[in-house]
Amino acid sequence: MAEITAAAVKELRERTGAGMMDCKKALAENNGEMEASIDWLRTKGLAAAAKKAGRTAAEGLVGVAVEGTRGAVVEVNSETDFVAKNEQFQDFVRNVAQLSLQTGGDVEALNNAAYPGGGTVAETLTNNIATIGENQSLRRTAVLEVSEGAVVSYVHNAVVPGLGKIGVLVALEGSAPAETLQTLGKQLAMHIAAANPLSLHADELDAELIERERAIAAEKAKESGKPANIVEKMVEGAIAKFKKESALLSQLFVMDNKTPVSDVVSGAAKECGAPVHLKAFKRFQLGEGIEKAESDFAAEVAAAAGTNKAA
């Protein structure tokens with residue numbers, strides 16, 4: 001077997017855009033021959049997939065899966081919303097959500113998991129990129145579990161059952177009847193989808209976020225021209241309001257806009273005569289935090305036509 005040098009791997013990467021490990025494997029499979037390795041990558045769809053990897057993937061689907069007292073949510077991105085309607089892509093997201101129940105909230109472990117029908121999740125995704133013709137990525141996953149109770153899922157703007165734009169998991173711990181837990185869980189999940197709480201409890205809010213809000217509130221308060229002691233009270237009042245509106249348990253329930261979520265949970269427990277504890281939640285909104293590249297359609301058309309925009 002020919003020695004696979006770092007220089008050869010580097011050259012193959014530059015010529016194909018494929019990943020380092022894929023290039024190394026291609027060279028090993030083809031006795032170090034460059035052209036044969038390029039063809040090998042092309043036949044595997046890896047070169048084509050790599051060329052698409054630079055494109056922004058901010059569309060796609062969020063998928064949920066629940067099994068017993070365990071639930072999972074995943075986000076798989078694509079370049080365009082059109083792919084979300086592709087059955088091959090939908091099947092992939094559905095299967096990945098199901099696999100995530102076993103691998104936990106670890107993206108790397110999920111990528112390395114065996115995919116139904118052969119290969120790994122990562123290998124199947126690479127194949128999907130080549131066959132569908134768009135960059136795609138398994139962005140994140142999360143799993144919630146309770147020892148007793150229920151994990152309830154909800155998908156907002158569902159394209160098909162279990163797949164959509166916003167996916168929510170609610171973990172309810174307790175011995176309340178299954179019907180009570182499912183009804184309460186669904187209502188809370190719908191609230192979470194709409195209200196987008198940042199944490200379960202106010203004291204769990206990110207410290208840096210609180211400081212940013214404090215700085216903004218301080219600037220606003222100073223503009224009032226009031227004495228320093230009044231400004232300080234205004235800032236503290238603004239922070240208290242922010243915490244109350246950002247933590248799930250202190251938010252006002254969207255269904256009546258007057259009852260704190262904590263009271264909704266305790267009310268359900270009292271009504272069924274059994275303990276219910278809201279343990280945790282997860283909310284994935286498709287594409288949140290991804291910077292989408294601004295496209296200039298006129299410039300794209302001009303480039304395709306071999307002219308310039310001004311002309």
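Residues numbered from 1 in each chain as written. Predicted model: local features only at pLDDT ≥ 70, side-chain atom pairs only at ≥ 80, totals over all residues. Heavy atoms only, no water.

Caption draft 1: Summary view of the sheet that holds strand 7 (residues 276-285). Spatially, the 3 strands line up as an open sheet ordered 4-6-7, and their pairing is antiparallel. Single-partner strands in this sheet number two, and they are strand 4 (149-156) and strand 7. Strand-to-strand, the axes of this sheet are offset by a mean angle of 15°, without reference to chain direction. Taken together, the 9 bridges between strand 6 (residues 166-174) and strand 7 define a ladder with antiparallel strand orientation. Of the residues in strand 7, the one forming a bridge with valine 168 is arginine 283. (Pairing = 2+ DSSP bridges. Helix = DSSP H or I, 4+ residues; strand = E, 2+ residues; numbered from the N terminus. Axes fitted to C-alpha atoms, helices over the stretch in contact; angles between N-to-C directions.)

Caption draft 2: View of helix 7 (residues 121-132). Here helix 7 is 12 residues long and its end C-alpha atoms lie 16 Å apart, about the 16 Å a rise of 1.5 Å per residue gives. For helix 7, the full list of buried residues reads Val121, Thr124, Leu125, Asn128, Ile129 and Ile132. The buried residues of helix 7 occupy an angular sector of 145° when projected down its axis, which confines them to one face. Phi turns positive one or two residues past the end of helix 7, at glycine 133, with a value near 90°. (Expected span 1.5 Å × (residues − 1). Buried < 20%, exposed > 50% of the residue type's maximum accessible area, 1.4 Å probe, protein only. Arc of directions from axis to C-beta.)

Caption draft 3: Representation of the layout of surface pockets. Taken as a whole, the largest pocket holds about 320 Å³ of empty space. Forming the walls of the largest pocket are Met21, Asp22, Lys25, Trp40, Lys44, Leu46, Ala122, Glu123, Thr126 and Asn127. Of all the secondary structure elements, the ones that give two or more residues to the lining of the largest pocket are helix 2 (20-29) and helix 7. Ranked by the residues each element gives to the lining of the largest pocket, the list is headed by helix 7, at 4 residues. Partitioning the lining of the largest pocket into residue classes produces 4 nonpolar, 2 polar and 4 charged. (1 Å grid on protein atoms, 1.4 Å probe; cavity = no way out; pocket = protein on both sides within 12 Å on 5 of 7 lines; lining within 4 Å. Points joined across faces, edges and corners; volume = space filled by probe spheres on them. Nonpolar A, V, L, I, M, F, W, Y, C, P; charged D, E, K, R; others polar.)

Caption draft 4: A nonpolar patch on the surface, seen in detail. Together, Met190, Val254 and Met255 make up a nonpolar patch on the protein surface, roughly 260 Å² of accessible area in all. Tracing the sequence through the fold places methionine 255 in the loop between helix 10 (228-246) and helix 11 (261-272). (Patch = residues over 30% accessible without salt bridge, like charges linked within 9 Å, V, L, I, M, F, W, Y side chains within 5 Å. Areas by Shrake-Rupley, 256 points an atom, 1.4 Å probe, with all protein chains shown as cover. Salt bridge = Lys/Arg side-chain N within 4 Å of Asp/Glu carboxyl O.)

Caption draft 5: Looking closely at the nonpolar core. In this structure, Val170, Leu172, Leu188, Val261, Val276 and Leu278 are the most contacted members of the largest nonpolar core, which totals 27 residues. Elements represented by at least two residues in this core include exactly strand 4, strand 6, helix 8 (178-195), helix 11 and strand 7. For this core, the element with the highest residue contribution is helix 8, accounting for 6 residues. Residues within four places of valine 276 in sequence aside, it is in contact with Leu172, Glu173, Ala176, Leu181, Leu184, Val265 and Ala269. Among the nonpolar cores identified, the runner-up in size contains 24 residues, and Val93, Leu110, Leu138 and Leu163 belong to it. (Core = buried A, V, L, I, M, F, W, Y, C linked by side-chain atoms within 4.5 Å. Contact = heavy atoms within 4.5 Å.)

Caption draft 6: Just the environment of asparagine 196, in detail. Along the chain, the position of asparagine 196 falls in the loop between helix 8 and helix 9 (207-222). C-alpha separation for the pair asparagine 196 and alanine 247, spaced 51 residues apart in sequence, amounts to 9.2 Å. Excluding its chain neighbours within four sequence positions, the residues that come into contact with asparagine 196 are His191, Gln251 and Arg283. A distance of 3.2 Å separates the side chain of asparagine 196 from the side chain of arginine 283, its partner in a polar contact. (Polar contact = N/O pair within 3.5 Å; in protein donor to acceptor, adjacent residues only side chain to side chain.)

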